[in-house]
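Chain by chain, the residues:
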Amino acid sequence: MVDEEGKSSNSILHDGSYFATGSWYSSIVVKGDTTVMMQPNGTALDMKLKFGKFGEADPDVAETTGQKFYNIKLSFCFGKEFTELGVVSEDGLRITTKNDIGLSVLDWMSEEEAATLEAKGDPIEAPPGPYKIQPDILGKFLWITGGAGVGKSTSAQLLSKMHGYVYYEADCFASCRNPYIPPDVQNPSLAQFLQKPLIGEGLEERREVCKRGNEMFGEMMAGGDFDKGKAEEYYEKMCDDIKRERKRIGGDWSIAGVTFGQDLRNFIRSKLGPDLVFVVLNMEMEDLKERIRIRHIREEGTVDILMSISRLCEAATEDDDNAVNVMITKEMSKKDVISKILEKLNL
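A few points on the structure. (Residues numbered from 1 in each chain as written. Predicted model: local features only at pLDDT ≥ 70, side-chain atom pairs only at ≥ 80, totals over all residues. Heavy atoms only, no water.)

1. Some remarks on the pattern of salt bridges
Where charged atoms from two side chains of opposite charge come close, those side chains can pair.
Part 1: Counted under the stated rule, the structure contains 16 salt bridges.
Part 2: A salt bridge links Lys 140 to Asp 252; its shortest N-O distance comes to 3.5 Å. You can see Lys 140 sitting in strand β10 (residues 134-146) and its partner Asp 252 sitting in strand β13 (residues 250-256), a full 112 residues away along the chain.
Part 3: Judged by relative accessible area, Lys 140 falls into the partly exposed class, the value being 34%.
Part 4: When the shortest N-O distance is used, the salt bridge between Lys 211 and Glu 208 registers 3.3 Å. Residue Lys 211 and its partner Glu 208 are both found in helix α6 (residues 203-221); the two are separated by three residues, about one turn of the helix.
Part 5: Taken together, the shared-partner salt bridges connect Arg 206, Asp 241, Arg 244, Glu 245 and Arg 248 into one network. (Salt bridge = Lys/Arg side-chain N within 4 Å of Asp/Glu carboxyl O. Helix = DSSP H or I, 4+ residues; strand = E, 2+ residues; numbered from the N terminus. Buried < 20%, exposed > 50% of the residue type's maximum accessible area, 1.4 Å probe, protein only.)

Here's what the structure looks like:
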């Protein structure tokens, strides 16, 4: 081991692909001293690796690996710089880290093993999920929106669990994963990273749109302006998928996803129809920051980025057709929020 500054030259990892389990990205590809992170939607980000001694490992990491200290630092930039600490196994075939989801591992695979894994996934034309197929019944149509950490996914999931709604996670569209998160997972926002990737005809077209959408979100996270053109292209493709899936499945629907402001909500409504109702969740910024910090206790940089996105989200106004505001306080329980939503909608 070297000191905490570490060294960049790679003499430990093998060339090839390390596939991730329990992470928001799908793999890293190593070639000599060059490393690229791959996301499920095909977006590639440069990753910097340093090897050395980076402090005591998380107890779960230490127990799993048998190593007391982190020996690798993984850094990448998405709007701002992110860093993960991990432990590389002695044979260089596995990297173990700890994130908000839990333990995450990156396992080296041969080209044949990688090809087999990449061929697995859920069909993009009909992703499976915990819903009843009833295409003849098009019921209530809700889009739950608001800033990061305000409870969009949790509320949509509870509507699924308590009232039988189809819960569609919009963030899964961006990552090209199955959008139907089970109603019984503990944290639906983080569970999206465990959803299976989508495969099939049309995936490459979606990936291209999602790559440009990722660029938009990355620019906003770095303090850039909202790009209306990129946003409309991205949300139009998502709306096409929602419209097709709602026709296939039927029933009551609750979508969870950020929509920023009235202009974008109007654009989405123009694609999905007048039956769509936006439920805009609002929270005092200090209370929201505290909530996000608890969720991302290991990642202060993530807290800052999510707050920058939340500040761009606007409450519904009187001119917002079919949109209601729900004010959330830190004292409210998850079920209190659902009761408030149903009360606002007279349901």
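2. As for the nonpolar core
The nonpolar side chains of soluble globular proteins are, as a tendency, buried together.
Part 1: If you look at the biggest cluster of nonpolar residues, it comprises 61 residues, and the most contacted ones within it are Trp 143 and Tyr 235.
Part 2: Setting aside its immediate chain neighbours within four residues, Tyr 235 contacts Trp 143, Phe 217, Val 258, Thr 259, Phe 260, Leu 264, Phe 267 and Ile 268.
Part 3: Formed by 31 residues, the second largest nonpolar core is a distinct cluster that contains Ala 148, Met 283, Ile 292 and Leu 345. (Core = buried A, V, L, I, M, F, W, Y, C linked by side-chain atoms within 4.5 Å. Contact = heavy atoms within 4.5 Å.)

3. Overview of the packing of helix α3 (residues 152-163) against helix α11 (residues 334-344)
Part 1: Two numbers describe how α3 lies on α11: the axes approach to 10 Å, and their chain directions differ by 80°. Considering their axes alone, α3 and α11 lie roughly perpendicular with respect to each other. Every residue of α11 that contacts α3 at Thr 154, Ser 155, Leu 158, Leu 159, Met 162 and His 163 is listed here: Lys 334, Lys 335, Val 337, Ile 338, Ile 341 and Leu 342.
Part 2: Split by residue class, the contact of α3 with α11 holds seven nonpolar, three polar and two charged. (Axes fitted to C-alpha atoms, helices over the stretch in contact; angles between N-to-C directions. Parallel < 35°, antiparallel > 145°, perpendicular 65-115°, else oblique. Nonpolar A, V, L, I, M, F, W, Y, C, P; charged D, E, K, R; others polar.)

Any functional reading would require information beyond the geometric quantities listed.
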